[in-house]
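Commentary on secondary and tertiary structure
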Amino acid sequence: MIPSAQEWSENPNKHALLFGMSGLGKTYISNMLRASGDWFHYSIDYRIGTRYMGEFIVDNFKAHALLDPFLAELLLSDSIYIASNLTFENLAPLSTYLGKPGSSALGGLPIDEYMRRQKQHHIAEVSALMDTPYFIKRATELYGYDNFICDSGGSICEVVDPWNPLDPTLKTLSDSTLMIWIEGGNEHTEALIARFNASPKPMCYQASFLLPFWDEYLKENSVKPEDVNPNDFIRAAYRAALTARQPRYQAMADNWGISVPASEVARLKSPDDFNALVSDTLENRS
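Let me sum up the structure you'll find in this document.

What about the packing of helix 7 (residues 111-130) against helix 9 (residues 168-176)?
Relative orientation of the contacting elements helix 7 and helix 9 amounts to 30 degrees, with a least axis distance of 9 Å. Here helix 9 runs roughly parallel to helix 7, going by the angle between their axes. For the element pair helix 7 and helix 9, the recorded crossing hand is left-handed. Every residue of helix 9 that contacts helix 7 at V126, L129 and M130 is listed here: P168, T169, T172 and L173.

Below is the structure:
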């Protein structure tokens, strides 16, 4: 249940979940709250990459290493080991595993393998989200934190149905946290696209969005699957995803939580600022 402004302000045990496109402030707020020493920071992407996809990631590293005779001999004799050094700040092992579809000569994956890994991530993301109540309990009982912030991935809207009042994942999350959409404006769209174009990273999408987009991309560019430039494709997919995700985020905020402008988030300097912004938003919402 969404609290009133007074209930939020007076509650000594604040639990919140942030969602929205990457680059709008989710991790900025989470790091700020964690640094205060009063908030437990639960990162969905970190949980996915360690608990639920860790073996996939490391096995992929090993498969590539085994192609090198020198490394293969050392691995098979247990003389060396390979591990993922995934952290809150460095999610490269996870994004590298997800990969990009297209030409193998350009580092791409066949579309079937790419979709297999997307499905793995979908399952892992739902599992990590459903772990939120467990981590709230763990944060309090094991570590003594009263306040809890969940930093969700940008693809949360791809793994839930925000229009379904019985969606099990959203029901679990809304029962245990205040869900807060960091909403970007038109002024953020081109900045996000420019940042992504400069350094395109793997993304997660619903198959119902990705496969038709892939087919249309092949047709419009008169290119065969094995000749697709992976970076060109995911740049185009990212731009389309910004538009496709907007109504899903909006429905999540309307039906399951609240929204705060990214421009306001950028001005936050302390946990008190964050709590005041949430309280004001709840007051205006009522």
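There's plenty left to go through after this.
As for unusual backbone geometry
Even without a glycine there, the phi angle at D78 is positive, about 60 degrees. For S222, which is not glycine, the phi torsion reads 45 degrees and is therefore positive. Position of S222 among the secondary structure elements: in the loop between helix 11 (207-221) and helix 12 (230-256). For S222, a relative accessible area of 68% gives the class exposed.

Details of the packing of helix 7 against helix 11
Across the interface, helix 7 lies against helix 11 with an axial gap of 12 Å and an inter-helix angle of 165 degrees. As the angle between them shows, helix 7 and helix 11 are arranged roughly antiparallel. In this structure, the crossing between helix 7 and helix 11 has a hand that is right-handed. Counting all contacts with helix 7, which are made through I111, Y114, M115 and Q118, the residues of helix 11 involved are A207, L210, L211 and W214. For the contact of helix 7 with helix 11, the class distribution of residues is 7 nonpolar, 1 polar and no charged.

A look at the pattern of salt bridges
For the coordinates displayed, the defined rule picks out 10 salt bridges. For E113, the salt bridge is made with R117, and the minimal N-O distance between the two is 2.7 Å. Here the residue E113 and the residue R117 both occupy positions in helix 7, the gap between them amounting to 4 residues, near one helical turn. A salt bridge links K137 to E141; the shortest N-O distance between them is 3.0 Å.

Describing the packing of aromatic side chains
If you walk through the whole model with that rule in mind, you get 19 aromatic pairs. Their ring planes at 75 degrees and their centres at 4.9 Å tell us that Y46 and F88 sit as a pair that is edge-to-face. One end of the pair, Y46, is in helix 3 (residues 44-52); the other, F88, is in the loop between helix 5 (69-76) and helix 6 (92-98), with 42 residues separating them in the sequence. A centroid spacing of 4.1 Å and a plane angle of 5 degrees characterise the contact between F196 and Y238, whose relative ring orientation is stacked. One end of the pair, F196, is in helix 10 (residues 186-198); the other, Y238, is in helix 12, and 42 residues separate them in sequence. There is no split in this pair, since F196 and Y238 are both buried. Taken together, the aromatic side chains of F40, Y42, Y134, F135, Y143, Y145 and F148 make up a single cluster linked through ring pairs. For K14, the ring lying beneath its charged end belongs to W8, and the centroid distance is 5.8 Å. Sitting above the plane of the Y97 ring, R117 keeps its charged end 4.4 Å from the centroid.

Quick word on helix 8 (residues 132-141)
When we look at burial in helix 8, the residues that qualify are T132, F135, I136 and A139. All buried residues of helix 8 fall inside an arc of 105 degrees around its axis, so they share one side. Exposed residues pointing more than 90 degrees away from the buried face of helix 8 are listed as K137 and E141. On its buried side, helix 8 packs onto strand 1 (15-19), strand 2 (39-43), helix 3, helix 7, strand 3 (147-151) and helix 9.

Considering helix 14 (residues 271-285)
Here helix 14 is 15 residues long and its end C-alpha atoms lie 21 Å apart, about the 21 Å a rise of 1.5 Å per residue gives. Every buried residue of helix 14 is listed here: P271, F274, N275, L277, V278, S279, T281 and L282.

Description of the nonpolar core
F19, I180, Y205, F233, Y238, M252 and F274 are the most contacted members of the largest nonpolar core, which has 78 residues in total. In contact with M252, other than residues within four places in its own chain, are F19, I156, C157, V160, P162, L170, M179 and G257.

Quick notes on the rules
- Residues numbered from 1 in each chain as written.
- Predicted model: local features only at pLDDT ≥ 70, side-chain atom pairs only at ≥ 80, totals over all residues.
- Heavy atoms only, no water.
- Axes fitted to C-alpha atoms, helices over the stretch in contact; angles between N-to-C directions.
- Helix = DSSP H or I, 4+ residues; strand = E, 2+ residues; numbered from the N terminus.
- Parallel < 35°, antiparallel > 145°, perpendicular 65-115°, else oblique.
- Left-handed = near helix turned anticlockwise from the far one by under 90°.
- Contact = heavy atoms within 4.5 Å.
- Buried < 20%, exposed > 50% of the residue type's maximum accessible area, 1.4 Å probe, protein only.
- Nonpolar A, V, L, I, M, F, W, Y, C, P; charged D, E, K, R; others polar.
- Salt bridge = Lys/Arg side-chain N within 4 Å of Asp/Glu carboxyl O.
- Phe/Tyr/Trp six-rings, centres within 6.5 Å; stacked < 30°, edge-to-face > 60°.
- Lys NZ or Arg CZ within 6 Å of the ring centre and 35° of its normal.
- Arc of directions from axis to C-beta.
- Expected span 1.5 Å × (residues − 1).
- Core = buried A, V, L, I, M, F, W, Y, C linked by side-chain atoms within 4.5 Å.

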